[in-house]
Amino acid sequence: MTKHPMATHLHQDAPKTDEELKSGNYNIFRDSLLRYCGYANEVGESFRYQYPKFVAPSYALAFGYCLADSISAGYQELSVKEDGEDEGTSNKHDTRSKETRAAIAFFDTLLWQSLASVAIPGGVINTIVRA
């Protein structure tokens, strides 16, 4: 039976085994349904004129998701072992300190999550709803 390509992500949300959890390949912020919290502001923007009190909480939820994902990315970078075995996603040939790599991972994730999940889609929906 052929599955629709857009529906395949529904079966990949949860890790299948404990080894996937321990391997560090599973990211709860990107591999689970929690990722949709990053788009909560879009729902708030869609109903801005019907339910204006929900706009600010929807942005708080979306930015909270972005911040939590950024903290997770920085922490994963800090969890890299010094002897070359990595538990995180670090480049083994990077000569920067562990703290510098963690700060870069944090700010990079925060910037891109904020732009891609909150600012750009929210601005587009706001413009469309206002029209």
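Everything here concerns the structure above.
Notes on the structure follow. Note that the structure is a prediction, hence the values are computed from the model and not measured.

**Quick notes on the overall build of the protein**
For the protein, the helix and strand inventory stands at 4 helices and 0 strands. Listed by position from the N terminus, the elements making up the protein come as α-α-α-α. Here the protein, with 131 residues, has 29% of them falling under the buried criterion. Once local pairs closer than 6 in sequence are excluded, the contacts in the protein between residues at least 24 apart make up 57%. When the accessible area of the protein is evaluated, it comes to approximately 9100 Å², of which 63% is carbon and sulfur surface.

**What to know about helix 4 (residues 98–130)**
In this model, helix 4 (33 residues) spans 46 Å end to end at C-alpha, consistent with the 48 Å of a helix rising 1.5 Å per residue. Bending of helix 4 peaks at approximately 45 degrees at the position of Leu 115.

**Some details on the packing of aromatic side chains**
Under the criterion given, the structure shown has 5 aromatic pairs. For the ring pair Phe 106 and Phe 107, a centre distance of 4.9 Å and an interplane angle of 80 degrees mean the geometry is edge-to-face. Owing to a relative accessible area of 53%, Phe 107 belongs among the exposed residues under this scheme. By way of ring pairs, the aromatic residues Phe 47, Tyr 51 and Phe 54 are connected into one cluster.

**A few points about the environment of Leu 111**
Mapped onto the elements of the fold, Leu 111 is located in helix 4. The class of Leu 111 is partly exposed, set by a relative accessible area of 46%. Separated by 45 residues in the primary sequence, Leu 111 and Cys 66 place their C-alpha atoms 8.7 Å from one another.

**Comments concerning the pattern of salt bridges**
The tally for this structure, following the rule as stated, stands at 3 salt bridges. Taking the shortest distance from any N to any O, the salt bridge between Asp 69 and Arg 30 comes out at 3.2 Å. Here Arg 30 lies in the loop between helix 1 (18–23) and helix 2 (40–46) and Asp 69 lies in helix 3 (residues 55–78), a separation of 39 residues in the sequence. Arg 30 sits in the partly exposed class, given a relative accessible area of 40%. A salt bridge links Glu 45 to Arg 48; its shortest N-O distance comes to 2.9 Å. Given a relative accessible area of 2%, Glu 45 falls into the buried group.

Thresholds, definitions, all that
- Residues numbered from 1 in each chain as written.
- Predicted model: local features only at pLDDT ≥ 70, side-chain atom pairs only at ≥ 80, totals over all residues.
- Heavy atoms only, no water.
- Helix = DSSP H or I, 4+ residues; strand = E, 2+ residues; numbered from the N terminus.
- Buried < 20%, exposed > 50% of the residue type's maximum accessible area, 1.4 Å probe, protein only.
- Contact = heavy atoms within 4.5 Å.
- Areas by Shrake-Rupley, 256 points an atom, 1.4 Å probe, with all protein chains shown as cover.
- Expected span 1.5 Å × (residues − 1).
- Bend = angle between axes of the 7 residues up to and from the residue.
- Phe/Tyr/Trp six-rings, centres within 6.5 Å; stacked < 30°, edge-to-face > 60°.
- Salt bridge = Lys/Arg side-chain N within 4 Å of Asp/Glu carboxyl O.

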